[in-house]
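Coordinates in review
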Amino acid sequence: MKNKTIRIIHHCNTRLLAVGLLLVSTAVQAQHDPVQPFQGKIGKTLPETQQAWPEHYKKAPAGAPNVVWILLDDIGFGATSAFGGLIQTPTLDSLANNGLRYTNFHTTAICSPTRSALLTGRNSHSVHMGLFPTTAIGTPGYDGYIPFEKATIAEILRENGYNTYAVGKWHVTPAADVTPAGLFSRWPTGRGFDHYWGFLDGSTDQWHPVLWEDTKRINVEPNKKHFTTLLADKAINYISEQKTVAPDKPFFLYLTPGAGHSPHQVAKEWSDKYKGKFDQGWDKTRDIVLERQVKLGLFPKGTVLPEPSTGVKRWELLSAEEKKLYARFMENYAGFVSHADYEIGRVVSYLKEINQLDNTLIFVSIGDNGASRGGTQEGIIHPLDATLTSEERIKKNLANIDLIGTEHSNVNYPIGWAQSDNTPFRLWKSDANSEGGTHNPLIVFYPKGIKEKGGIRTQYSHVIDILPTTIELTGAKVPSVINGYPQEPIEGTSLAYSINNASLPSRHTIQHYEIMGSRSIYKDGWKAGVLHKKGEDFNKDVWELFNLNEDFNERFDVAAKYPEKLKELQELFDAQAWKYNIYPLKDENVASIVPTPIEKATHLVLYPGIDQAFGGLAPRFVNRSFTIAANVDNPKTVEGVLFSSGGWVSGISLYVQNNTLQFVYNNREIKTYITSKKILPTGKLQLKVDFKYDGGEPGSGATVTLYVNNEKVGEGRIEHTLKSVIAYYENIELGRDIVTPVTDKYKVPFVFTGTLHQVVIDLGEITIAQK
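The structure contained in this document is the topic of the report that follows.

Calculation criteria
Residues numbered from 1 in each chain as written. Predicted model: local features only at pLDDT ≥ 70, side-chain atom pairs only at ≥ 80, totals over all residues. Heavy atoms only, no water. Salt bridge = Lys/Arg side-chain N within 4 Å of Asp/Glu carboxyl O. Helix = DSSP H or I, 4+ residues; strand = E, 2+ residues; numbered from the N terminus. Buried < 20%, exposed > 50% of the residue type's maximum accessible area, 1.4 Å probe, protein only. Axes fitted to C-alpha atoms, helices over the stretch in contact; angles between N-to-C directions. Parallel < 35°, antiparallel > 145°, perpendicular 65-115°, else oblique. Contact = heavy atoms within 4.5 Å. Pairing = 2+ DSSP bridges.

Describing the pattern of salt bridges
Applying the stated criterion across every chain yields a total of 32 salt bridges. Here Lys429 makes a salt bridge to Asp74, at a shortest N to O gap of 3.0 Å. Here Lys429, found in the loop between α10 (415-421) and α11 (435-438), pairs with Asp74, found in the loop between β2 (66-71) and α2 (90-97); they are 355 residues apart in sequence, far enough to count as distant. Across the pair, Asp74 and Lys429 agree in class, each one buried. Its salt-bridge partner being Arg314, residue Asp283 comes within 3.8 Å of it at the nearest N-O pair. Taken together, the positions of Asp283 in helix α7 (residues 281-296) and Arg314 in the loop between α7 and α8 (320-353) put the pair 31 residues apart, joining distant regions of the chain. We classify Asp283 as buried; its relative accessible area is 14%. Among the residues examined, Arg314 registers a relative accessible area of 37% and is labelled partly exposed. Shared partners join several salt bridges into a network, and the residues in it are Arg426, Glu435, Lys527, Glu544 and Glu554.

What to know about the packing of α2 against α8
The contact between α2 and α8 brings their axes to 7 Å, and the two run at 55 degrees. By the angle class used here, α2 and α8 are oblique. Every residue of α8 that contacts α2 at Pro90, Thr91 and Leu92 is listed here: Asp341, Ile344, Gly345 and Val348.

Re the pairing of strand β8 (residues 251-256)
In terms of burial, β8 is largely enclosed, as six of its six residues are buried. Covered by surrounding structure in β8 are Phe251, Leu253 and Leu255 together with Phe252, Tyr254 and Thr256, the residues of both alternating faces. In the sheet, β2 pairs with β8 via four bridges, with the strands oriented parallel. If you follow Val68 over to β8, its bridge partner there is Leu253. Of the strand pairs in this sheet, strand β4 (residues 163-169) and β8 are connected by six bridges, and their pairing is parallel.

Rendered as structure tokens:
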């Protein structure tokens, strides 16, 4: 097979050419817009001329409110105090008590689909985001390319005279475009936002975030400020600038913290606020939260909880050490969410300080899906080998309990707490068949538009409804053409009808759901769905049926009792699936198929000066052989990183220390070092590591050899390599390691002090098991 060669500089030029073509295309489209006729009069001289100016600024409707959308991450219905939970969220409490609580609001059950649906007011598969950008396949429901014919709220409001800002998590840019060379047309600034600050992937380290501003990678001093604090700082900065320069112009702010998605990280002062608060365990917590929810009027008296989910151990059966460990996980998570509430409060307080809060429309979706089961039964402090027994995991976690929440952790809490946080519903994130996956709290705050402060609304609603509600309440108009693209219909239903009338019936009466094969359909209070198991035949999936009018938290499957109703809903789902691009169904067994040359390349030439060179599509260094060769000048004595991929969670690094060439392999459990036996000579050098993978099952061993100018200077063995990806939000760095270090033997950024000309990578075939 011929080597497929990629030179990063050529890759950049290709993308820049594509950007140029896009601009030309946009300019051509713009020619179809009507040219404003000159309204003045031209004379031979300036005194004889009557000047006139084209309308340059689009004006918002008179008195149009500022708009703030807040989307929290991986938080269940019963987590926060605003909806009966034990996590104190005074900011959310205040917004809800002075606004409205929507108790029958729904998301898509997982991250990117919810965000794409929210931003466009269309169903996630309809806008090509049926799952994640990194799991794209070449079909309209899943390719990850949100059509320009389905404009975002930012594009619409900008056409209506708003400034537009996004701060925080994005996660809807095609994976192939998340590079320093773009394409940028589907980055936030390409989809209507004047400015963007945040992270483009699904998660980031809260103490060492991987950040972008507009389209440039930015670095922050590690572990000085928490990500959510930085996010609030930036949001306030954007608002301050806007209200200083254009005080009469409204703004739109899309505020999306990483909380409470893993890694759950927060300062100890926040987690310590909850010491002892969860010692009663997750079973008792469910009962306490339900009681509080009933007292708030969110659910009727007599509500009964669903049976505990399979895989969640009863708290009373746990050992004292397990209880201590698991309580600490929840204390940390609660502190993480409370801290996010505090930082959101800073933004809200600033709006009040500058006399803007009364004319600001705020939507808060407490979660983009239900609470996450990703932490397994034992919880995660560091990613552990999947072959470990439950007892071994617990032992390792107990040994590291003091690291929970720190910069040296990558925390996700146990599934027992996810179940508790989803009170009063069953199941969790990604289960599109269940209310536990899709049923989230919604707060609407609008002082000049809401009469009943602290009211509760029970109308059925979905995340696609927030955009049309915003349009109606602001008085904005949706242009028929935006940026040259004719617009397709919005698919959500405005909730404005319910703002001041709690008794009106729901207008959103049909809604489908699908995530990784699990799917459901809602119509007029009835819901049919199926929990698909990965790898099983879709045609053999067993459907359930629930009458949510009488059984809102899905305790009783009535499929056998009402077979005709089940058949009716199955047929309706099928019609919706064809209409909105849900087919073909896919589950996690389908690998990512992203049209990019980088993943297929076996020979790459990289040049220093680019941070996080390939985003989520960095070449894979697992289950294959590879060589990494750095061409450098060594004037006398040098040190620093030549090449790194990953960070403290897992990764590889080729570096110079004590004037010797060194290589470290961090497989999450063990760091293995290969060190040169010779001091580096001066002059022009090629410093190379040759990684010979044993082959066979994923995670097999490897022999590693170091070379200086083709002379063998060191050799060693790695008995267990990584089975899957290296820490995905820390990818390739050249000449330094800027996020977290792969090894504690150096501190970031550990810049190479010689001259690094280029790094050449040659990649072997991935083993059949990995394919």
